[in-house]
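# Observations on the three-dimensional arrangement
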Amino acid sequence: MNQRSQRRKPYSRKAAQRRRRKKKARIMLTFMLLLLLAAGGFLLFKYLHPIELKDDVVTHELMEPFDPWDNVRHLYFVDRDDVSVQSDADVSRIGEYSVTYTCKGKDYTAKVNVVDTTPPTLKVHPCTADLMQEITPELFVSEASDVTEVTVQFKNEADWSAEGTYDIEISATDTSGNETTQSTTLTRVKDTTAPTVQGADTVEVLQGRSVDFQEGVTVTDDLDPAPQFTVDDSSVDFTVPGTYEVVYTTTDRSGNTGTTVRTVTVKKDDSYERKIVYLTFDDGPSENTEKILDILKQYNAKGTFFVTGNNKEYNESLKRVVAEGSVVALHTYTHDYAKVYASEEAYFNDLQQIYDMVKDVTGVESKVIRFPGGSSNTVSKKYCPGLMTTLTKAVQEKGFQYFDWNCDSTDASGNHVAVDKLVANATSSTAQHINILMHDTAAKDTTVQALPQIIEHYKNQGYSFEALTVDSYPVHHSVNN
């Protein structure tokens, strides 16, 4: 090899390096171009197909809230406002439904399978039962709940009729067949204890009044949730003062019996033998109140005025009622049945208002009341079933006494009822204690005209005319609600 060849050899290596670099650059350029083409193709595809869903089939749990957007993985080149969603998915019913997303004129559809895979919630507790009780799964269950209907049953039903403690398995199954099982115990014992009576305390009652010996009395047993009891009050004579015994006999399902004796004292009432008329006037005061008071004063008679809060311009007359020995009693503040009888709370709110009004005007804290429509009214059932049964007890527990009537003048049947008719109706009673229903409103002018004849009739029969107090003979109707 000559010297010239040796000098040219390094240049050949450099050329080879340059060629390799150029080749590498061409490869990189080609890769980049391919990458750009792929990215461009991807972006173009996403531009043409802007919605990417997570799943074509969505499994969704029964009764769980469903949001179609939870199945959207990504939106490309659009936002939610560009997409309309239509779905017939009903999460309250097991089944297959569809959801469609529409964007740029194209539909993207997924299926929604509503399923129930969640077992019921089941909580149980031990049970102690006597030998007479029927053993059912429900005795052990504190809670059995699910989004569908739940059936509870024994997993290991056996003979549990003898005394002893048994292991019990309870299962709860929903309509989809999901099941939860819990374990507890049953203890069967022989019951030898008689039921006991509560609330049969000694009671005092005025002569001529009566007591419901079942009211307020409860009977309990250690094992029987519904023991039976009878009341023997045949020895009590409410018309004769004295001390009497009422006997309660209790029996449970195991045949255990017991007796409880209640002492009842009938106290002498000096007014019992007297013949008394209670002249009562509802719905006042009115422009007729003064006229009624003039007549009462003329005959030295007392009356009871069951007032409302609807005619406050005549409230000054209430001061005269008290001053002349008659009584201002409580009827209702609004006399709006829908409001007064909406609930127990609504009634007592109204009663408090009329109580406060009477106290502010007269200084008297009246405890004498008359229910709108009387205690026997049925209109209250329209607003609150069972309300009168509750109220008749509740008012007395709060220290009030309510009064119905046993003689109706029928002046509520219309305005300006004929005087002769009012007199005939109002004088039709021969009871020992007569509570006459009349009204004190502007339209009851004939009631005012009839009043002297009514008073004269009963005066000639030997009656006195007194105002009601909480201790007066309480005429009570039968409660119909």
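Placed above this text is the structure.
No experiment lies behind these values; they were computed from the predicted model shown.

Cut-offs used in this document
Residues numbered from 1 in each chain as written. Predicted model: local features only at pLDDT ≥ 70, side-chain atom pairs only at ≥ 80, totals over all residues. Heavy atoms only, no water. Core = buried A, V, L, I, M, F, W, Y, C linked by side-chain atoms within 4.5 Å. Buried < 20%, exposed > 50% of the residue type's maximum accessible area, 1.4 Å probe, protein only. Helix = DSSP H or I, 4+ residues; strand = E, 2+ residues; numbered from the N terminus. Contact = heavy atoms within 4.5 Å. Pairing = 2+ DSSP bridges. Axes fitted to C-alpha atoms, helices over the stretch in contact; angles between N-to-C directions. Left-handed = near helix turned anticlockwise from the far one by under 90°. Nonpolar A, V, L, I, M, F, W, Y, C, P; charged D, E, K, R; others polar.

Leu279, Tyr347, Ile369, Phe371, Ile436, Ile454 and Tyr458 are the most contacted members of the largest nonpolar core, which totals 53 residues. Considering each element in turn, this core owes the most residues, 8 residues, to helix α5 (residues 344–362). Excluding its chain neighbours within four sequence positions, the residues that come into contact with Leu279 are Leu296, Lys302, Gly303, Thr304, Ile436, Met438, Leu451, Ile454, Ile455, Phe465 and Glu466. Core analysis: the second largest hydrophobic core is formed by 15 residues, Leu53, Val83, Tyr108 and Val112 among them.

By the element assignment, Tyr278 lies in strand β19 (residues 276–284). A sequence separation of 195 residues divides Tyr278 from Tyr473, and the C-alpha atoms of the two residues are 9.8 Å apart. Apart from the residues lying within four places of it in its own chain, the contact partners of Tyr278 are His433, Ile434, Asn435, Ile436, Glu466, Ala467, Leu468, Ser472 and Tyr473.

Take the sheet that holds strand β6 (residues 106–115) next. If you walk across this open sheet you meet the 4 strands as β2-β6-β5-β4, and the pairing is mixed. Every interior strand has two partners, whereas the edge strands, β2 (57–61) and β4 (84–87), have only one. Strand-to-strand, the axes of this sheet are offset by a mean angle of 25°, without reference to chain direction. Looking at chain direction, strand β5 (residues 95–103) and β6 are connected through 9 bridges and run antiparallel.

With that out of the way, let us pick up the packing of helix α8 (residues 419–426) against helix α9 (residues 445–460). At their nearest, the axes of α8 and α9 sit 9 Å apart, and the two run at 40° to each other. Here α8 and α9 pass one another in a crossing that is right-handed. Along its contact with α8, which presents Val419, Leu422, Val423 and Ala426, the element α9 presents Thr446, Thr447, Gln449, Ala450, Gln453, Ile454 and Tyr458. Looking at the contact of α8 with α9 residue by residue, the classes come out as 7 nonpolar, 4 polar and no charged.

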